[in-house]
Amino acid sequence: SSERSLPSILREIVVEGQGSGELRAELGPDYITDYILRFSRGLIYDWCLHEGGYDLASVAEEAATRLARVFTAQAGP
């Protein structure tokens, strides 16, 4: 549910990032929030499928860094 704390807090962060110009404004905050949540659930699911066989924290950090580039606002010319 979007009323739970994680989606709600994440959405607030996205809205703040869009307001400050750090995140792309042409994508709605709900879209970005839902995308990040699906992405993170998929990462956790994969880790479970591999029976915890890799360092989830380090893989999640690298994946989040790459994912952030998708939603980061582009600098002007």
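Coordinates for the structure precede this section.
Throughout, a residue's number is its position along its own chain's written sequence, starting from 1. In view of the model being predicted, local features appear only for residues whose pLDDT reaches at least 70, and side-chain atom pairs are presented and counted only at 80 or more, with totals across whole chains, interfaces and linings using the full set of residues. With hydrogens and water set aside, each side-chain value is computed from the structure's full complement of heavy atoms.

A. Layout of the overall build of the chain. The helix count covers DSSP runs of H or I at least four residues long, the strand count covers runs of E at least two residues long, and both are numbered beginning at the N terminus. Scanning the chain for helices and strands turns up 3 helices and 0 strands. Secondary structure elements in the chain, listed N-terminal to C-terminal, are α-α-α. Each principal axis of the C-alpha atoms in the chain carries an extent, and together these give about 45 × 35 × 15 Å. Categorising residues by exposure relies on relative accessible area from a 1.4 Å probe, with only protein chains included: less than 20% of the type maximum marks a residue as buried, more than 50% marks it as exposed, and the intermediate range marks it as partly exposed. Residues classed as buried in the chain amount to 17% of the 77 residues present. Residues count as neighbours in contact if any of their non-hydrogen atoms are within 4.5 Å of one another. Pairs at least 24 residues apart make up 48% of the contacts formed inside the chain by residues separated by at least 6 positions. Using a 1.4 Å probe, accessible areas were evaluated by the Shrake-Rupley method; residue-level cover was limited to the displayed protein chains. Within the structure as shown, the chain displays about 5800 Å² of accessible surface, and the carbon and sulfur contribution to it stands at 57%. Taken as two groups, the 7 positive and 12 negative side-chain charges of the chain have centres that lie 5 Å from each other. As used throughout, the charge tally considers Lys and Arg to be positive and Asp and Glu to be negative, leaving His and the chain termini uncounted. Charge placement uses NZ in Lys and CZ in Arg. For Asp and Glu, CG and CD serve respectively.

B. Molecular detail of the packing of aromatic side chains. Working definition: a ring pair exists when centres of Phe, Tyr or Trp rings (six-membered ring for Trp) sit within 6.5 Å. Plane angles under 30 degrees give stacked, over 60 give edge-to-face, the rest tilted. Under the definition given, this model contains 2 aromatic pairs. Between Tyr 31 and Tyr 35, the ring centres sit 6.0 Å apart and the planes meet at 40 degrees, which makes this aromatic pair tilted. Residue Tyr 31 and its partner Tyr 35 are both found in helix α2 (residues 29–49); the two are separated by 4 residues, about one turn of the helix. Taking relative accessible area as the criterion, Tyr 31 reaches 42% and is therefore assigned partly exposed. When the centroid spacing of 5.4 Å and the interplanar angle of 75 degrees are considered together, the rings of Tyr 35 and Phe 71 count as edge-to-face.

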